[in-house]
Amino acid sequence: NAGVTQTPKFRILKIGQSMTLQCAQDMNHNYMYWYRQDPGMGLKLIYYSVGAGITDKGEVPNGYNVSRSTTEDFPLRLELAAPSQTSVYFCASSYGLEETQYFGPGTRLLVL
Amino acid sequence: GESVGLHLPTLSVQEGDNSIINCAYSNSASDYFIWYKQESGKGPQFIIDIRSNMDKRQGQRVTVLLNKTVKHLSLQIAATQPGDSAVYFCAESGTGSARQLTFGSGTQLTVLP
């Protein structure tokens, strides 16, 4: 299986533009997560989902929205891009109680 | 607030030597700890984990030690290889339905030839 996949790999946005970062997993994991990683820093949790139809805020949710209509997909939406959202975004998934999270390759976003 | 931190931001070791990467945590309620490896331009990759009811856990060339008394976690890599060069993150998981992970800022391991 492919594991966790993310698209696009890289994107440049102008301030105020919107976009959706795609994330999919084929491991039938219940839990999915979105993180952002700023240069030289660890990962910060933006949003997470414990199953289809259920989402909740993480540590840094402002400026983002998510949805979870299926088990496989967990898109992250940026409505009004700001320079502060320049970062690398990682999607992850886990079966649940095992806690081990498997990460996608990341999406590098530059907001100018 | 609670945090997970690393003692050293960078570590350089000779190829073939053993590496030790340290991590301090402050949340005494954390009961699950994970080490991730992140190579340049890639997502974090799971290395090894340990639960709070254990002091030591071994994998292939890696060992994680947990000292709950001083809230300290370490990752030992035996016979370090060039492919081990990466940023290593420790993460803790506390209570909560989503078992949210809190990540440290990472240690850059460089393996010298």
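Rules used in this analysis
Within every chain, residues take consecutive numbers counted from 1 along the sequence as written. Each chain takes a letter, starting from A, and each ligand takes a number, starting from 1, following the order in which they are written. The predicted origin of the model limits local features to residues at a pLDDT of at least 70 and limits the giving and counting of side-chain atom pairs to 80 or more, whereas totals for whole chains, interfaces and linings rest on all residues. With hydrogens and water excluded, all non-hydrogen atoms of the structure serve as input to the side-chain values. The classification of residues rests on relative accessible area computed with a 1.4 Å probe and restricted to protein chains. Under 20% of the type maximum is buried, over 50% is exposed, and intermediate values are partly exposed. Each helix is a run of H or I in the DSSP string that is no shorter than four residues. Each strand is a run of E no shorter than two, and both are numbered from the N terminus. What makes two strands pair is DSSP finding at least two bridges between them. The criterion used for residue contact is that any of the two residues' heavy atoms lie within 4.5 Å. Reported buried area values correspond to the accessible surface (1.4 Å probe) lost by two parts on association, with both partners' losses combined. Salt bridges, as used here, are contacts in which a Lys or Arg side-chain nitrogen is within 4 Å of a carboxyl oxygen on Asp or Glu. Whenever two N or O atoms come within 3.5 Å, that pair is a polar contact, provided that in protein one can donate a hydrogen and the other can accept it, and provided that, for residues adjacent in sequence, both atoms are side-chain atoms. Residue classes follow a fixed rule: Ala, Val, Leu, Ile, Met, Phe, Trp, Tyr, Cys and Pro count as nonpolar, while Asp, Glu, Lys and Arg count as charged, and any other residue, Gly among them, counts as polar.

Residues and elements named next belong to chain A. The two faces of strand β3 (residues 19-25) differ: M19, L21, C23 and Q25 on one face are buried, but T20, Q22 and A24 on the other face are not. By the bridge criterion, four bridges tie strand β1 (residues 4-7) to β3 in an arrangement that is antiparallel. By the bridge assignment for β3, Q6 is matched with C23. Sheet analysis places β3 next to strand β8 (residues 76-78), joined by three bridges and oriented antiparallel. When the sheet's bridge partners are listed, T20 is paired in β8 with R77.

Of note, A:Q85 is situated in the loop between β8 and β9 (87-94). Separated by 14 residues in the primary sequence, A:Q85 and A:T71 place their C-alpha atoms 26 Å from one another.

This paragraph deals with the interface of chain B and chain A. Counting from both sides, the interface comprises 21 residues of chain B and, opposite them, 20 residues of chain A. Both faces combined, the contact of chain B with chain A buries some 1500 Å², and carbon together with sulfur accounts for 55% of it. The tally of links from chain B across to chain A stands at zero salt bridges. Counting the contacts that link chain B with chain A gives three residue pairs in polar contact (both at pLDDT 80 or more). Mapped onto the side of chain B that touches chain A, the elements with two or more residues apiece are β4 (32-38), β5 (45-51), β9 (86-93) and β10 (101-103) of chain B. Top contributing element to the side of chain B that touches chain A by residue count: β4(B), with four residues. In terms of residue class, the side of chain B that touches chain A is built from nine nonpolar, eight polar and four charged.

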